[in-house]
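Overview (structure and organization)
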Amino acid sequence: ARPDALPRDLHGLRVVVSAGGTREPLDPVRYLGNRSSGKQGYALARVAAQRGAEVVLVAAHTAALPEPAGVDLRHVSTALEMRDAVLEAAQAADVVVMAAAVADFRPAARAEHKIKKSEDRPDPEISLVRNPDILAELVENRKPDQVIVGFAAETGDEQGSVLDHARAKLRRKGCDLLVVNAVGDGRAFEVEDNAGWLLAADGTERAIPLGSKAQLAATLWDAVSEYGKR
Ligand code: CTP
Ligand code: CA
């Protein structure tokens, strides 16, 4: 469908979407990062704007992606910067979607100068500290009727299936909706298609069929508008 052929059913809705992977600096030239491409968050922002929503896109590091039309794009780098930008934008939002891959940890110290090898000193060790959990802070400071959406990439293991882990994460995080991607076999990261589940705090669970990130975005915005009317 042409963009202008989409229904403007999200008109009047103010949404914040986070996207991409944060980078946590070790020194002026090095960082800890992750493989997030940002494609899912960008697709969410683009589709929401096409359907008439007012969109703030808080983007960390992404693959080279075209800037979505009609979106207020704000760039950040670290998890701490993302937290400030997301919490600020969330003040005036009806919906917040955390599609970003936020680093759980950052180096405890950022060296002022480039770290050098030395024959006199032992090789360095990196010590890490916990980053704030932005989704948890959003839930703590939730505005009345605000809908908060998390993303999770899970694999099954001895502790349980993908769905078991996802249900536990939804309860732990306290968000309204959780999009769960089943990962492994090269799925979800750096690929075009997603598959998984959409879990709601009211116990509703639906499977998301394998499809494009734009299709997943459409499914999520449908679920968000339904959830808002409950
Ligand atoms: N998230 C966040 N802030 C963090 C870490 C994660 O807001 N510091 C958000 C992500 O954007 C995502 C959701 O929380 O929407 C779930 O992320 P995930 O990494 O799956 O959850 P964690 O609680 O970090 O659990 P895990 O130990 O499995 O990584
Ligand atoms: Ca994590």
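Structure: above.
Report follows, based on the coordinates. All of these numbers come straight from a predicted model, not from anything done at the bench. (Residues numbered from 1 in each chain as written. Chains lettered and ligands numbered in written order. Predicted model: local features only at pLDDT ≥ 70, side-chain atom pairs only at ≥ 80, totals over all residues. Heavy atoms only, no water.)

Another aspect to go through is the overall build of the protein chain. Within the protein chain, the secondary structure is distributed over 5 helices and 12 strands. Relative to a compact globule of 230 residues, whose C-alpha radius of gyration would be 17 Å, the protein chain shows 18 Å and is just as compact. The burial tally for the protein chain puts 44% of its 230 residues in the buried class. When contacts within the protein chain are restricted to residue pairs at least 6 apart in sequence, long-range pairs at least 24 apart make up 66% of them. In the form shown here, the protein chain has an accessible surface area of approximately 12,600 Å², with 49% of it arising from carbon and sulfur atoms. (Helix = DSSP H or I, 4+ residues; strand = E, 2+ residues; numbered from the N terminus. Rg over C-alpha atoms; globule rule 2.2 N^0.38 Å. Buried < 20%, exposed > 50% of the residue type's maximum accessible area, 1.4 Å probe, protein only. Contact = heavy atoms within 4.5 Å. Areas by Shrake-Rupley, 256 points an atom, 1.4 Å probe, with all protein chains shown as cover.)

Let us now look at the pattern of salt bridges. The final tally for this structure, using the stated rule, is 13 salt bridges. The partner of Arg14 in a salt bridge is Asp94, with the nearest N and O atoms 3.2 Å apart. Here Asp94 lies in the loop between helix H2 (79-90) and strand S6 (95-98) and Arg14 lies in strand S1 (residues 14-19), a separation of 80 residues in the sequence. Here Arg30 makes a salt bridge to Asp27, at a shortest N to O gap of 2.5 Å. With a relative accessible area of 34%, Arg30 lands in the partly exposed category. (Salt bridge = Lys/Arg side-chain N within 4 Å of Asp/Glu carboxyl O.)

This part takes up the site of ligand 1. As a matter of local geometry, ligand 1 sits amid 13 residues, with Met98, Ala100, Leu135, Lys169 and Lys173 nearest to it. A distance of 2.8 Å separates a nitrogen atom of ligand 1 from a polar atom in the backbone of Pro132. With respect to ligand 1, the side chain of Lys169 contributes an N or O atom lying 2.6 Å from an oxygen atom. Contact with the protein chains covers 75% of the free accessible surface of ligand 1, which is 570 Å². Comparing atom positions with the cavity grids shows ligand 1 to sit within the largest pocket. Put simply, the parts of the chain that give the shell around ligand 1 at least two residues each are helix H3 (134-140), strand S9 (147-154) and helix H4 (162-173). The greatest single-element share of the shell around ligand 1, amounting to 3 residues, is contributed by S9. (Near = heavy atom within 4 Å. Polar contact = N/O pair within 3.5 Å; in protein donor to acceptor, adjacent residues only side chain to side chain. 1 Å grid on protein atoms, 1.4 Å probe; cavity = no way out; pocket = protein on both sides within 12 Å on 5 of 7 lines; lining within 4 Å. Sits in = over half its atoms within 2 Å of the grid points.)

Grouped together as the largest cluster of nonpolar side chains are 35 residues, with contacts concentrated most on Leu44, Val97, Val149, Leu177, Leu220 and Trp221. Residue contacts for Trp221: discarding those within four places in its chain leaves Leu10, Val15, Val17, Leu44, Val47, Ala48, Arg51, Val95 and Val97. By size, the runner-up hydrophobic cluster in this structure holds 29 residues, among which are Val96, Val139, Cys175 and Leu199. (Core = buried A, V, L, I, M, F, W, Y, C linked by side-chain atoms within 4.5 Å.)

Every protein donor of the calcium ion (ligand 2) is listed here as Asp104 (OD) and Asp104 (OD), and their distances to the metal cover 2.4 to 2.5 Å. As for its position among the elements, Asp104 is in the loop between S6 and strand S7 (105-107). (Donors = N, O, S within 2.8 Å, 3.2 Å for Na, K, Ca; no water.)

The next subject is the side chain of Gln146. On the secondary structure map, Gln146 appears in the loop between H3 and S9. Residue Gln146 is classed as buried on the basis of its relative accessible area, which comes to 4%. Within the structure, the side chain of Gln146 is placed 2.9 Å from the backbone oxygen of Ala90, a separation counted as a polar contact. Once residues within four sequence positions are removed from consideration, Gln146 is found in contact with Ala90, Ala93, Asp94, Val96 and Asp176.

Note that strand S2 (residues 24-27) and strand S3 (residues 30-32) share 3 bridges and pair antiparallel. Note that in S3 the partner of Glu24 across the bridge is Leu32. The antiparallel pairing of S2 with S3 creates a hairpin that spans 2 residues between the two strands. (Pairing = 2+ DSSP bridges.)

Here we come to the packing of helix H1 (residues 39-50) against helix H5 (residues 213-228). Two numbers describe a pair of packed helices, the interaxial angle and the distance between the axes. Here H1 crosses H5 at 55°, and the two axes come no closer than 8 Å. Our classification of the angle between H1 and H5 gives oblique. Considering how the two elements wind past one another, H1 and H5 form a crossing that is right-handed. Here Lys39, Gln40, Ala43, Leu44, Val47 and Ala48 of H1 come into contact with H5, specifically with Lys213, Ala214, Leu216, Ala217, Ala218, Leu220 and Trp221. The residue makeup of the contact of H1 with H5, split by class, is 10 nonpolar, 1 polar and 2 charged. (Axes fitted to C-alpha atoms, helices over the stretch in contact; angles between N-to-C directions. Parallel < 35°, antiparallel > 145°, perpendicular 65-115°, else oblique. Left-handed = near helix turned anticlockwise from the far one by under 90°. Nonpolar A, V, L, I, M, F, W, Y, C, P; charged D, E, K, R; others polar.)

Without other data, these values stay purely geometric and don't point to any function.
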